[in-house]
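Residues per chain, in single letters:
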Amino acid sequence: IALLVCNHSGSYLGPHDNFYWRYKMKIRQVTLSGMIFLLSVFAPLAQAQKLKPEEIIAKHLDSITTADKRALIKSIIAVGEVKVEYISQKNQPASGRIVIASEGQKMFYGMSLNASDYAQERIVFDGNKTSVGFVRAGARSVLGNFIQSNNSLVSQGLLAGALTSSWALLAAADRGAKISSGTKKIDGKEYYTLNFSPKKGGDIDINMYFDQQTFRHVRTEYSRTSSSSIGRTIDDSARQNESRIKVTEEFSDFKDFMGVSFPNKYKLHYMVSGGSTTEISWSCNLSEFAINQAIDA
């Protein structure tokens, strides 16, 4: 659409010709109409991306099951196979069984593994206190140490997400947590996010991710950076590195069980970096579920 427009006779119409101005005005009208049309189409889409935390939570809870059914769930048991892989170390992979059992706010998270140096994992919240078992005399696993140092992840119902009856978002308003919402892309796909700051939750940063179509909870990231320690001398202090811990839970392969949607694949990834890097993953295939089954204390 140039400043010169060709007419039917082949001559060029300059800016002093009436046709030129009529054509220019038409272009302006079309452009304005097009802008109004685009705004009418994309403005609602842009607005849809800005959901409040309570809206995301409500839609997420409905993705699990209806409110009536959620109210009837008193206990959940999920059982399956687990494989432990040492990504940064030469340790042989370990495999075994995992059990995640919960009743109300109480929760048991346990593994039985076929490795002599890592035969079990046991994390328990009895409604008042979190306890983490030793994997060998006087020593916990890296996962156990992380939970022991950040026990609000269990007491606030964050660990294992919607696989437990203590899931934090089932009663988010009662927990006194600060929650903000947003969106973020991972591997080119955009998700709704919730930043969750538990009451007395310490200095750990917690971000939850939700599928924008189904509102299923698909990921939680726990991050914390620890300042470098002070050495005996200035030179020793300069050589110290800050420590960065990131633990990620991933949930996928959702299937219906008794009218409730559960993830059948659950992966936990642990990484600490700084002076050295430790990276381990726990991959679980959950195949057995029970709802409202009596659980021995």
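Since the model is a prediction, treat every value here as computed from it, not as a measurement. (Residues numbered from 1 in each chain as written. Predicted model: local features only at pLDDT ≥ 70, side-chain atom pairs only at ≥ 80, totals over all residues. Heavy atoms only, no water.)

**A few points about the nonpolar core**
1) Next: With 63 residues, the main nonpolar core has Tyr 109, Leu 163, Tyr 266 and Trp 282 as its most contacted residues.
2) Next: Setting aside its immediate chain neighbours within four residues, Tyr 266 contacts Ile 100, Tyr 109, Leu 159, Ala 160, Leu 163, Glu 249, Glu 250, Phe 251, Trp 282, Ser 283, Cys 284 and Leu 286. (Core = buried A, V, L, I, M, F, W, Y, C linked by side-chain atoms within 4.5 Å. Buried < 20%, exposed > 50% of the residue type's maximum accessible area, 1.4 Å probe, protein only. Contact = heavy atoms within 4.5 Å.)

**Some words on the pattern of salt bridges**
1) Next: Counted according to the given criterion, the structure contains 9 salt bridges.
2) Next: A salt bridge links Asp 62 to Arg 70, with the nearest nitrogen and oxygen atoms 3.4 Å apart.
3) Next: Taking the relative accessible area as the measure of exposure, Arg 70 reaches 19% and is therefore buried.
4) Next: Across the pair Arg 97 and Glu 288 runs a salt bridge, and its minimum N-O distance is 3.1 Å. (Salt bridge = Lys/Arg side-chain N within 4 Å of Asp/Glu carboxyl O.)

**Looking at the confidence of the model for the protein chain**
1) Next: Residues at a pLDDT of 70 or more form 78% of the protein chain, whose mean pLDDT is 85.
2) Next: Counting interchain partners and residues more than four positions distant, the pLDDT-below-50 stretch residues 41-48 has 3 contacts.
3) Next: Residue range residues 234-239 is modelled with pLDDT below 50. Its contacts to residues more than four positions away, or to other chains, number 4 contacts. (pLDDT = per-residue confidence, 0-100.)

**Things to note about the side chain of Asn 195**
1) Next: Along the polypeptide, Asn 195 turns up in strand S9 (residues 189-197).
2) Next: At a separation of 3.0 Å, a polar atom in the side chain of Asn 195 contacts the side chain of Asp 205.
3) Next: If near-sequence neighbours (up to four positions away) are discounted, Asn 195 is found in contact with Lys 178, Ile 179, Ser 180, Asp 205, Ile 206 and Asn 207. (Helix = DSSP H or I, 4+ residues; strand = E, 2+ residues; numbered from the N terminus. Polar contact = N/O pair within 3.5 Å; in protein donor to acceptor, adjacent residues only side chain to side chain.)

**Quick look at the pairing of strand S11 (residues 217-226)**
1) Next: Among the 10 residues in S11, 7 count as buried, and that is most of the element.
2) Next: Pairing analysis gives 6 bridges linking strand S10 (residues 205-211) to S11, with the strands arranged antiparallel. Paired with Phe 210 across the two strands is His 217, which belongs to S11.
3) Next: Connecting S10 to the next strand, S11, in antiparallel fashion are 5 residues, including Phe 215 with a positive phi near 65°.
4) Next: Pairing geometry for S11 and strand S12 (residues 243-257), over 8 bridges, is antiparallel. When the bridges of S12 are listed, Arg 224 appears paired with Ile 245. (Pairing = 2+ DSSP bridges.)

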